[in-house]
Amino acid sequence: MDGNGRWAKMRHRPRSLGHRAGARAANLCIDACLEAGIPALTLFAFSRENWQRPDEEVGALMQLFLRALDREVDELHRRGVRLRFIGERGAFSADIRARMARGETLTRANTRLHLTIAADYSGRWDLAQAARTLARRALEGRLSPDAIGEAELGSALALSDLPDPDLFIRTGGDTRISNFLLWQLAYCELYFTDTLWPDFDAAQLRLALDAFASRERRFGRTSDQLASESAS
Ligand code: IPE
Ligand code: MG
């Protein structure tokens, strides 16, 4: 979700206002996903690297996060959304952590939309924590190092209970992954748009879904193979 700062700057307003508008866009996007029957949505709200922003901006983002948790969790629950957070939680305030935990517990049994908020997340952090988990299991004699394959590593990563994502959307014009779900994106379709995140709405999501629908996903095989399979 990129482009909040530029959206505010174009309006000669503080960056925090852009983040507020970004939070509204996130709500619209969740609504649009519910409407479109999308089973899982993961929003990259705050990266590990974002802690390096000016204190004032980080403070505004934390306040916004806290308020959004207070305002939205019950409504998400009402709409059948299962809410989860991925990332290192330790650096968030106790207030925020308590609300994250409450939201996760409250919505645990919901299945309509798996909504994951990546907060203090980094794809490399995820891989490192998975490696630590497996190393610990090996040390305890519960896992042989020779048995560690893709499935074992994948199962120790965040989102291991969900299928790999099909579509990655980055707004704001930059064409990079910026340490998002590195492992999980191996065969994901990447979609980049110049639209700034606060302007991303249901129509923008539709454009992304249409682009996705026109992609041929070969997973390493040939077009002819795919054609003969779908014919049989
Ligand atoms: C993304 O918007 C929101 C967060 C990282 C929290 P930016 O704040 O990166 O917006 P730009 O890139 O400065 O426009
Ligand atoms: Mg940015």
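So, here's what we can say about the structure.

### Focus on the sheet that holds strand E2 (residues 81-86)
Sheet strands pair via backbone hydrogen bonds, and the direction of the pair is either parallel or antiparallel.
Thought 1: Read across the sheet, 3 strands follow the order E1-E3-E2 without closing on themselves; strand pairing throughout is parallel. Two strands close off the open sheet at either side, each with one partner strand: strand E1 (40-47) and E2. The average angle at which neighbouring strand axes cross in this sheet is 20°, direction not considered.
Thought 2: Pairing of E1 with strand E3 (residues 113-121), which is carried by 7 bridges, proceeds in the parallel orientation. Within the sheet, the bridge partner assigned to Ser-47 lies in E3 and is Tyr-121.
Thought 3: Those strands touched by helix H3 (residues 55-78) are E1, E2 and E3, and its axis lies near 155° from that of E2.

### Digging into the packing of H3 against helix H4 (residues 94-106)
Thought 1: The geometry of H3 relative to H4 is characterised by a closest axis approach of 10 Å and an angle of 15° between their N-to-C directions. Of the possible angle classes, the one that applies to H3 and H4 is roughly parallel. In this structure, H3 crosses over H4, and the sense of that crossing is left-handed. On the side of H3, the interface is formed by Met-62, Phe-65, Leu-66, Leu-69, Asp-70, Val-73, Asp-74 and His-77, while H4 contributes Asp-95, Ile-96, Arg-99, Met-100, Arg-102, Gly-103 and Leu-106.

### Notes on the site of ligand 1
Thought 1: In the vicinity of ligand 1, 13 residues are found, and the nearest of them are Asp-2, Gly-5, Arg-6, Arg-15 and Arg-53.
Thought 2: Within the contact set of ligand 1, an oxygen atom lies 3.3 Å away from a backbone nitrogen or oxygen of Gly-3.
Thought 3: Here an oxygen atom of ligand 1 sits 2.7 Å away from a polar atom, N or O, in the side chain of Arg-53.
Thought 4: Out of a free accessible area of 380 Å², ligand 1 has 87% covered by protein chains.
Thought 5: Broken down by secondary-structure element, the contributors of at least two residues to the shell around ligand 1 are helix H1 (4-10), helix H2 (15-36) and H3.
Thought 6: The element contributing the most residues to the shell around ligand 1 is H1, with 3 residues.
Thought 7: Among the residues making up the shell around ligand 1, the classes are represented as 3 nonpolar, 5 polar and 5 charged.

### A look at the pattern of salt bridges
Thought 1: Under the counting rule described, the total for this entry stands at 21 salt bridges.
Thought 2: Residues Asp-31 and Arg-79 are paired through a salt bridge, measuring 2.0 Å at the closest nitrogen-oxygen approach. Note that Asp-31 is positioned in helix H2 and Arg-79 in the loop between H3 and E2, a separation of 48 residues in sequence.
Thought 3: Here Asp-31 falls in the partly exposed class, since its relative accessible area comes to 31%.
Thought 4: Residue Asp-74 pairs with Arg-102 through a salt bridge whose shortest N-O separation is 2.9 Å.

### Topic: helix H7 (residues 202-213)
Thought 1: Taking 1.5 Å of rise per residue, 12 residues should cover 16 Å, and H7 covers 16 Å from first to last C-alpha, within 8% of that figure.
Thought 2: Residues of H7 that are buried include every one of Gln-204, Leu-205, Ala-208, Leu-209 and Ala-211, and no others. The buried residues of H7 all sit within an arc of 160° when viewed along its axis, so they share a single face. Relative to its buried face, H7 has exposed residues pointing more than 90 degrees away, namely Ala-203 and Ala-213.
Thought 3: For H7, the elements touching its buried residues are H2, strand E4 (167-170) and strand E5 (189-192).
Thought 4: Regarding H7, its N-cap is Asp-201, as a side-chain oxygen of that residue lies 3.2 Å from the backbone nitrogen of Ala-203 further along.

### Examining the packing of aromatic side chains
Thought 1: In this structure the tally under the stated criterion is 13 aromatic pairs.
Thought 2: Relative to Phe-180, the ring of Phe-168 has its centre 6.3 Å away and its plane inclined at 50°; by these criteria the two rings are tilted. A residue pair is termed long-range when its members are at least 10 positions apart, and Phe-168 in strand E4 and Phe-180 in the loop between E4 and E5 qualify at 12 residues.
Thought 3: The structure contains a cluster of three or more aromatic residues connected by ring pairs, namely Phe-44, Tyr-121, Trp-125, Phe-168, Phe-180 and Phe-192.
Thought 4: The positively charged end of Arg-11 is found above the aromatic ring belonging to Trp-7, 3.9 Å away from the centroid.

Rules used throughout
- Residues numbered from 1 in each chain as written.
- Chains lettered and ligands numbered in written order.
- Predicted model: local features only at pLDDT ≥ 70, side-chain atom pairs only at ≥ 80, totals over all residues.
- Heavy atoms only, no water.
- Pairing = 2+ DSSP bridges.
- Helix = DSSP H or I, 4+ residues; strand = E, 2+ residues; numbered from the N terminus.
- Axes fitted to C-alpha atoms, helices over the stretch in contact; angles between N-to-C directions.
- Contact = heavy atoms within 4.5 Å.
- Parallel < 35°, antiparallel > 145°, perpendicular 65-115°, else oblique.
- Left-handed = near helix turned anticlockwise from the far one by under 90°.
- Near = heavy atom within 4 Å.
- Polar contact = N/O pair within 3.5 Å; in protein donor to acceptor, adjacent residues only side chain to side chain.
- Areas by Shrake-Rupley, 256 points an atom, 1.4 Å probe, with all protein chains shown as cover.
- Nonpolar A, V, L, I, M, F, W, Y, C, P; charged D, E, K, R; others polar.
- Salt bridge = Lys/Arg side-chain N within 4 Å of Asp/Glu carboxyl O.
- Buried < 20%, exposed > 50% of the residue type's maximum accessible area, 1.4 Å probe, protein only.
- Expected span 1.5 Å × (residues − 1).
- Arc of directions from axis to C-beta.
- Phe/Tyr/Trp six-rings, centres within 6.5 Å; stacked < 30°, edge-to-face > 60°.
- Lys NZ or Arg CZ within 6 Å of the ring centre and 35° of its normal.

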